[in-house]
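A structural walkthrough
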There are 2 protein chains.
Amino acid sequence: MTVSPLAPAQFPDLPAVAGVEAAIGRAGFYKHERPDLLLLRFPEGARAAGVFTTNAVGSAPTDQCQHALAAGNGAVRGLLVNAGCANAFTGPPGDAACQRSLLAAARKLDADPALMLAASTGVIGVVLDDAKIAAALPAMQLAPIQWRAAAEAIMTTDTFAKAAGATCVIGDAAVSIAGIAKGSGMIAPNMATMLAFVFTDAALPASVLKASLSEANEDSFNAITVDGDRSTNDCVLLVATAQTPTPAIGAADDPRLAAFRDALKRVLANLAIQIVRDGEGATKFVAVRVDGAVSDKSAKTIARTICESPLVKTAIAGEDANWGRIVAALGRADEPIVRARIAVRFGALWAAKNGMVAPEYDEAAMSAYMKRAELDIGVTVGDGPGSALMYTCDLTKRYVEINGDYRS
Amino acid sequence: MTVSPLAPAQFPDLPAVAGVEAAIGRAGFYKHERPDLLLLRFPEGARAAGVFTTNAVGSAPTDQCQHALAAGNGAVRGLLVNAGCANAFTGPPGDAACQRSLLAAARKLDADPALMLAASTGVIGVVLDDAKIAAALPAMQLAPIQWRAAAEAIMTTDTFAKAAGATCVIGDAAVSIAGIAKGSGMIAPNMATMLAFVFTDAALPASVLKASLSEANEDSFNAITVDGDRSTNDCVLLVATAQTPTPAIGAADDPRLAAFRDALKRVLANLAIQIVRDGEGATKFVAVRVDGAVSDKSAKTIARTICESPLVKTAIAGEDANWGRIVAALGRADEPIVRARIAVRFGALWAAKNGMVAPEYDEAAMSAYMKRAELDIGVTVGDGPGSALMYTCDLTKRYVEINGDYRS
């Protein structure tokens, strides 16, 4: 497995987040030797919030998290993550296996099993073999989390470990945010899933965590697409360990929380962009900005249609400034547009303006621009106030190879 | 260009349709020597109906057809088709060029220019050079249509010429239906479009043609997808030459029209399936049937999501019976499903039943089935009355090659 050409130069320096302990192990869901288990312990008083896949099939672990967070009002003491088996589309036996694995993990943490969360990624349709987890737990050693080792333990087809962090203030208190993520196809070769776990030492109620996470999610994990195949197991969790005394914040719109919300957005956006940079077979990182739509929601639908068009993505792979395909894609988004106002640019080079080819269109300059590894595409679709920014990668023969040759 | 491995064994025998004259020519929209112009003449009294792309960007020729058919209540005397230039996203200059080309064609046919229709396929964003058409028209010879030559004249990246026909009765009158089509990607390499032109010698009013065409279109051209990239220029026309005396039919639900409507459906379905069989890079022809949805519309949305999932399509290319990806795709269609009722079969082999892997799941039998060139996938999503059948092809490295390496 070679590292993606779009990977960051190095693993980032992250701030410490007091109150997050981790243990790494190997249950053996993979044939080859590699960690596939991550167990986290949080202190008394920790609170969590999550956003989960909208895939209607879902999975045992995403169901479990949603039930536990609702029942416990966000209280959390532990998180068990496994790679290699998604435990999705496994019916009641899958739910029972998830519960048994959490019971074993809670025992090790000396925590209330009702306050445990689960996350899984891997093959769909196979019931989790929780006996393998129970067998692996005794040898696992809890210690303050090491970000790189934790990020590596949750990888499936990822070619590099993903993490991001930030520091900020809430009132006068300095707080840290750090997180890890995995994902390289929305569903990788028969493996599921985008997972992200973000931690802060702040003391914040679950409702505030939930509002802050949902807001930050919209412009990060909800603004990326590799192949449009939303997984059954997608899950983003935000855990506040309450180890740093912070002012009592009752609502996310408290002005004292503004810096925290901004920092959280940066961390989530950074993680989301790393997932695109590890897109299966990707050779180009592409930002698509849509302006002039009737609403931000409409702009996002148009941006998504462009980002998921196989013809746009293959043209980018071929370094072809094929703006006609972008125009055709925006036209099939089934959103209101003003034909005579459509404009398309690559970087600062205009391909189309006012519903036609741009007068200054310069094929040679365009072709030179397309050779870059990072592309910025701007599209105007009308005179409305709506705009959106979405990130994607190109569609290469290597993507087809990774996903078509998986079992053979 | 090698012929698709999924192509029919031979060009079909088609019935003659009295009153359709054709002339083939070369305007020179391609660098290489090949016909790129098709001019058709219809007799006085001919009537037409069309269905057109829902792409909001559209094109000069699809606009022109819709205006002309509405203004003339379906009366038609001629049709001018060019390949090599879509005349889409070309603003007022594109509209004017389309009008000038039809004026020249009407003069040659000695027909009212208001009763001419236009269809174009090719590069998006380039204004039609109508002078090339005017220069080519004088040498073009009108004669009763020859189906193969006509079908070849409208090809772009198609690897074989597409046609289908049928005979039926309207009351006591024997009538013929025959049609030609082109398309291989919804948008081929920077080229646009699925075009189909179907002719009958029956005498039917435009309103009846329109209703019959819309009905037949739903289960044919609206039930296929190669890459989901609906073109700016998609157009299906049905022309009745009125050369065979048929009973006066005032409405499409007249029982005497039932056999005609069935025959029309067969012809359109046949043409649509040929387009999938010529899908760019395709090595597998795939029928996806969805049952148990809350409505037919919902079933179609789910079928389309499965058919357009890159992960499903690459798995099929890799001959991998990866039913987990089908389950994941149906879950992200944002349609109501009943998790515990989900079932998936390949041919007669069950992969999943009742929301879990099927007890009789047989990996070896599945793998053997996937080696076939024609696959039948059935999906149950609940207990509702809705069902849909959709056709697609696999996603191969060759697709990426065709669409990524186009300009280089």
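About the thresholds
- Residues numbered from 1 in each chain as written.
- Chains lettered and ligands numbered in written order.
- Predicted model: local features only at pLDDT ≥ 70, side-chain atom pairs only at ≥ 80, totals over all residues.
- Core = buried A, V, L, I, M, F, W, Y, C linked by C-beta atoms within 7 Å.
- Buried ≥ 20, exposed ≤ 12 C-beta atoms within 10 Å, placed from the backbone.
- Contact = placed C-beta atoms within 7 Å.
- Least-squares fit on C-alpha atoms with pLDDT ≥ 70 in both.
- Helix = DSSP H or I, 4+ residues; strand = E, 2+ residues; numbered from the N terminus.
- Nonpolar A, V, L, I, M, F, W, Y, C, P; charged D, E, K, R; others polar.
- Pairing = 2+ DSSP bridges.
- pLDDT = per-residue confidence, 0-100.
- Expected span 1.5 Å × (residues − 1).
- Arc of directions from axis to C-beta.
- Axes fitted to C-alpha atoms, helices over the stretch in contact; angles between N-to-C directions.
- Parallel < 35°, antiparallel > 145°, perpendicular 65-115°, else oblique.
- Left-handed = near helix turned anticlockwise from the far one by under 90°.
- Domains from an automatic or database assignment.

Some words on the nonpolar core
- In this structure, A48, V327 and L330 of chain A together with A48 and V327 of chain B are the most contacted members of the largest nonpolar core, which totals 301 residues.
- Not counting chain neighbours up to four residues away, the residues in contact with L330 of chain A comprise I302, T305, I306, I337, V379 and V381 of chain A together with V57 of chain B.

Describing the relation of the copies chain B and chain A
- With an axial shift of 0.0 Å and an RMSD of 0.0 Å, the rotation relating chain B to chain A amounts to 180°. Here the symmetry operator amounts to a two-fold rotation axis. Using C-alpha coordinates, one finds that chain B approaches the rotation axis most closely at K397 of chain B, a distance of 2.4 Å.
- Comparing interface residues between copies, 100% of those in chain B also sit at the interface in chain A, which points to an isologous, same-surface contact.

Points about the interface of chain B and chain A
- Every contact between the two is made by 54 residues of chain B and, on the other side, 55 residues of chain A.
- Mapped onto the side of chain B that touches chain A, the elements with two or more residues apiece are α8 (310-317), α9 (323-331), β14 (356-357) and α11 (397-404) of chain B.
- Split by residue class, the side of chain B that touches chain A holds 22 nonpolar, 20 polar and twelve charged.

Description of unusual backbone geometry
- Positive phi is not limited to glycine here, since E319 of chain A has a value of about 55°.
- Along the chain, E319 of chain A turns up in the loop between α8 (310-317) and α9 (323-331).
- For E319 of chain A, a count of 22 C-beta atoms within 10 Å corresponds to the buried category.
- Even without being glycine, N73 of chain B reaches a positive phi, approximately 55°.
- Structurally, N73 of chain B is set in the loop between α1 (60-71) and β4 (78-85).
- Using a count of 10 C-beta atoms within 10 Å as the deciding quantity, one classes N73 of chain B as exposed.

Let's talk about the sheet that holds strand β6 (residues 143-144) of chain A
All names here are of chain A.
- In space, the five strands of this open sheet follow the order β5-β4-β2-β1-β6, with mixed pairing throughout. The open sheet is flanked by β5 (116-123) and β6, the only strands paired with a single partner.
- Where strand β2 (residues 37-41) and strand β4 (residues 78-85) come together, five bridges link them in antiparallel fashion. In the sheet register, L38 faces β4, and the bridge partner there is V81.

Describing the confidence of the model for chain A
Residues and elements named next belong to chain A.
- The predicted model of chain A has a mean per-residue pLDDT of 93, with 97% of residues at 70 or higher.
- The low-confidence segment residues 187-192 (pLDDT under 50) makes 31 contacts with residues lying over four places distant or belonging to another chain.
- The ipTM, which scores confidence in the relative placement of chains, is 0.86 for this predicted complex, and the corresponding pTM is 0.89.

Focus: helix α2 (residues 91-109) of chain A
Residues and elements named next belong to chain A.
- Across its 19 residues, α2 extends 27 Å between first and last C-alpha, which sits within 8% of the 27 Å expected from 1.5 Å per residue.
- Buried residues of α2: G94, A97, C98, S101, L102, A104, A105 and L109, and no others. The arc that holds the buried residues of α2, viewed along the axis, is 160°, so those residues lie on one side. Structural note: α2 exposes P92 and R107 on the side pointing more than 90 degrees away from its buried face.
- Packing partners of the buried residues in α2 comprise β2, α1 (60-71), β4, β5 and α3 (130-136).
- Immediately beyond the C-terminal end of α2, within one or two residues, lies D110, with a positive phi of roughly 55°.

Topic: the pairing of strand β13 (residues 349-353) of chain A
Residue and element names in this part refer to chain A.
- Sheet topology places strand β12 (residues 343-346) next to β13; three bridges connect them, and they run antiparallel. If you follow F346 over to β13, its bridge partner there is L349.
- With two bridges joining them, β13 and strand β14 (residues 356-357) adopt antiparallel strand pairing. Bridged to A352 within β14 is V357.
- Connecting β13 to the next strand, β14, in antiparallel fashion are two residues, including N354 with a positive phi near 55°.

Details of the packing of α1 of chain A against α2 of chain A
Residue and element names in this part refer to chain A.
- Following both chains from N to C, one finds α1 and α2 inclined at 60°, their axes separated by 9 Å at the closest point. By the angle between their axes, α1 is oblique relative to α2. Viewed along their axes, α1 and α2 form a crossing whose handedness is right-handed. From α1, A60, P61, D63 and Q64 reach across to α2, where they touch G94, D95 and C98.
- Tallied by class, residues from the contact of α1 with α2 come to three nonpolar, two polar and two charged.

Some words on the domain arrangement of chain A
Residues and elements named next belong to chain A.
- Looking at the assigned domains, one finds that chain A contains domain 1 (21-277) and domain 2 (285-404).
- The distance between the C-alpha centroids of domain 1 and domain 2 comes to 33 Å.
- The residue makeup of the side of domain 1 that touches domain 2, split by class, is six nonpolar, two polar and one charged.

So, the pairing of β4 of chain B
Residues and elements named next belong to chain B.
- Where burial is concerned, most of β4 is hidden: eight out of the eight residues are buried.
- Where β4 and strand β5 (residues 116-123) come together, eight bridges link them in parallel fashion. Directly across from A83, in β5, lies its bridge partner T121.

A closer look at α11 of chain B
- Those residues of α11 of chain B that fall on the buried side of the exposure criterion are Y399, V400, N403 and G404 of chain B. Axial view of α11 of chain B: buried residues confined to an arc of 110°, hence all on one face.
- Along its buried surface, α11 of chain B packs onto α8 and α11 (397-404) of chain A.

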